[in-house]
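Coordinates in review
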Amino acid sequence: MIEPLQADDAFLADIADAESGQPEALHLWWLGQSGFLASHRGVRVLFDPYLSDSLSKKYADTDKPHTRMTRRVIAPERLTGISLITSTHNHTDHLDAETLLPLFTANPDARLMLSPFNIAFAAKRLGWQESDARFLSLEIDEHKSTMDIEISGIPAAHEALSPEFMGFIVKIGPHTIYHSGDTILFKGMEEYLRQFNINIALLPINGRLPERRISGNLWGDEAARLAKDIGAKIVVPCHYEMFEFNTESPELFETTCKTINQPYKTLRAGERLTFK
């Protein structure tokens, strides 16, 4: 099993060190799959966290086992001080009750941002009422401000465009993060995204193979070229090295970034990037 660069106590210590040592900077940690933690001036945002083994247990005795590749970075109940949690769509690795319920116990004032088309599904999965104040809905092409964060809902095609699939543009201080959710390329995508002046693009690279029998994502070279086309200052790959049946090497992504001169950073689980 792949070991995170930092996990458990060491991971929490790195968060504390980063925030106390460089409080004006934006700090970004990869949590595995599409999960990221962003921190800036006391505001912590969790993007699509999957911090359990729920899928490995669910599919253990099926013909599609979800065998975990990378050890969990942190137990969800140990993450505190979270202001906002996103869920780009209803797939369990992006909307996981075994992750979210302990997170909200530890962070009762946090909000879960998701499409209004997914609230009924999420409420059933989490055992909440649809009217629960912890839900914060955002439609595609809608913009909201909350907790000193500006957020925009972005279309996503997993593998088809649907209001149930989305990405988020999150502006924290001077930094603009694009978390695409699960998506492939779609017509007009590059032009649409260029308007946001994206600094940091977080893009999936696991691709799409029919034999996996699941909806797919960008291939590594597509992610690299998309980042270049939208003017991203840096691109970070994700959605790989979580499940053995649904992963790809970052090599194609890295090679393409180098070829087209697109700045990138491939993180290990638990690793931090800091932007001043």
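For the structure itself, look to the data block above.
Below is a short write-up of the structure. (Residues numbered from 1 in each chain as written. Predicted model: local features only at pLDDT ≥ 70, side-chain atom pairs only at ≥ 80, totals over all residues. Heavy atoms only, no water.)

Comments concerning the side chain of Ser39
Condition: Elements are defined by DSSP. Helices are runs of H or I of four residues or more, strands are runs of E of two residues or more, and each kind is numbered from the N terminus. Polar contacts, as counted here, are pairs of nitrogen or oxygen atoms within 3.5 Å of one another; within protein the pair requires one atom able to donate a hydrogen and one able to accept it, and residues that are adjacent in sequence qualify only if both atoms are side-chain atoms. When checking whether two residues touch, look at their non-hydrogen atoms; a contact exists if any pair is within 4.5 Å.
Tracing the backbone shows Ser39 in strand β2 (residues 35–40). A distance of 2.5 Å separates a polar atom in the side chain of Ser39 from a polar atom in the side chain of Glu19. Not counting residues within four places of it along the chain, the set of residues in contact with Ser39 comprises Glu19, Ala25, Leu26, His27, Trp29 and Arg44.

Here we look at the nonpolar core
The following threshold applies: Buried residues of nine kinds, namely Ala, Val, Leu, Ile, Met, Phe, Trp, Tyr and Cys, make up a nonpolar core once their side-chain atoms join them within 4.5 Å. For the exposure calls, accessible area comes from a 1.4 Å probe over protein chains only, and a residue counts as buried if that area is under 20% of its type's maximum, exposed if over 50%, partly exposed in between.
Core analysis: the biggest nonpolar cluster contains 52 residues, and Phe36, Tyr178, Leu193, Ile198 and Leu203 have the highest contact counts within it. With five residues, strand β9 (residues 161–172) is the single largest residue contributor to this core. Of all hydrophobic cores here, the second largest spans 28 residues; its members include Leu37, Leu79, Phe104 and Ala269.

With respect to unusual backbone geometry
The bulk of non-glycine residues show a negative phi, and the bulk of peptide bonds are trans. Residues His158 and Glu159 are joined by a peptide bond in cis, for which omega reads -5°. Examined against the element boundaries, Glu159 turns out to sit in the loop between β8 (149–157) and β9. The backbone of Asp48 sits at a positive phi, close to 40°, despite the residue not being glycine. Counting through the fold element by element, Asp48 comes out in the loop between β3 (43–47) and α2 (54–58).

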